[in-house]
Amino acid sequence: MRRRKSANDRADNVDINLSPMIDCIFILLIFFIVTTVFVEESGIEVNKPQAASAQALDKNSILIAISDGDRVYYGGEEIGVSGVRPSIQRILATEESDVIIQADASASHGAFARVYGEAKAAGAKRIHFATDQ
């Protein structure tokens with residue numbers, strides 16, 4: 001007597017191998033992690049002054065912005081001149097970075113001088129001024 005195959009016998013033989021798909025997902029994940037650039041922006045758009053001797057700097061820098069109303073920003077938040085020193089000290093405690101001051105062309109020289117002094121007092125060794133070329 002011939003035995004008929006039941007539905008349970010056919011279901012046991014089906015296997016889906018997910019290893020290649022998981023490998024592709026991990027490769028894509030690693031690619032996106034490696035190629036991502038983590039740049040912390042100053043948070044506001046600044047109309048930078050022109051300079052003849054401008055040069056590009058490392059992307060891994062501390063960006064402090066001074067708006068046209070002499071307000072000081074870091075990471076999109078207004079920190080004021082008094083917040084410059086603690087912000088820079090917190091970052092310099094973990095890694096050595098350049099400080100770039102992005103001052104608006106219509107910002108006062110006094111505001112720039114106060115921010116520069118606070119950055120120097122925080123322990124920044126290399127302080128730069130952002131300009132347009």
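Going by the structure above, here's the rest.
Computed from a predicted model, the values in this text were never measured in an experiment.

J.: It is not clear to me how the environment of Val84 should be interpreted in this structure. Could you clarify?
T.: The residue Val84 is located in helix α3 (residues 84–92) in this model. Each C-alpha atom of the pair Val84 and Ala122 lies 8.1 Å from the other, and the pair is 38 residues apart in sequence. If we ignore the near neighbours within four places in the chain, the residues touching Val84 are Ile64, Val72, Ile79, Val115, Glu118 and Ala119.

J.: I would appreciate a short explanation of the pairing of strand β4 (residues 98–103) in the present structure.
T.: In the case of a regular strand, side chains alternate between the two sheet surfaces. Burial analysis of β4 places six of its six residues in the buried class, which makes it a mostly covered element. Of the two faces of β4, the one holding Asp98, Ile100 and Gln102 and the one holding Val99, Ile101 and Ala103 are both buried throughout. Where strand β1 (residues 61–66) and β4 come together, six bridges link them in parallel fashion. The partner of Ser61 across the bridge, within β4, is Asp98.

J.: Even after reading the chapter, I still don't get the pairing of β1, so can you show me in this structure?
T.: Counting buried residues in β1 gives six out of six residues, a clear majority hidden from the surface. When β1 meets strand β2 (residues 72–74), the two strands line up antiparallel, connected through two bridges. Residue pairing for β2: Ala65 is matched across the bridge by Tyr73. Where β1 hands over to β2, the hairpin turn is made up of five residues, of which Asp70 adopts a positive phi near 60°.

J.: Got a minute to help me understand helix α4 (residues 109–121) in this structure?
T.: Residues spaced three or four apart along an α-helix point in a common direction, a consequence of the helix completing one turn every 3.6 residues. Its 13 residues place the ends of α4 18 Å apart at the C-alpha level, agreeing with the 18 Å of an ideal helix rising 1.5 Å per residue. Along α4, the positions that sit buried rather than exposed are Ala111, Phe112, Val115, Glu118 and Ala119. An end-on view of α4 places all buried positions within 130° of arc, on one side of the element. Against β1, β2, α3, β4 and β5 (127–129) lie the buried residues of α4. At the exit of α4 stands Gly123, carrying a positive phi of roughly 105°.

J.: Explanation requested: the side chain of Asp98 in the structure shown.
T.: Mapped onto the fold, Asp98 is located in strand β4. At 3.4 Å, the side chain of Asp98 forms a polar contact with the side chain of His128.

Conventions we followed
Residues numbered from 1 in each chain as written. Predicted model: local features only at pLDDT ≥ 70, side-chain atom pairs only at ≥ 80, totals over all residues. Heavy atoms only, no water. Helix = DSSP H or I, 4+ residues; strand = E, 2+ residues; numbered from the N terminus. Contact = heavy atoms within 4.5 Å. Buried < 20%, exposed > 50% of the residue type's maximum accessible area, 1.4 Å probe, protein only. Pairing = 2+ DSSP bridges. Expected span 1.5 Å × (residues − 1). Arc of directions from axis to C-beta. Polar contact = N/O pair within 3.5 Å; in protein donor to acceptor, adjacent residues only side chain to side chain.

So yeah, pure geometry; function would need other evidence.
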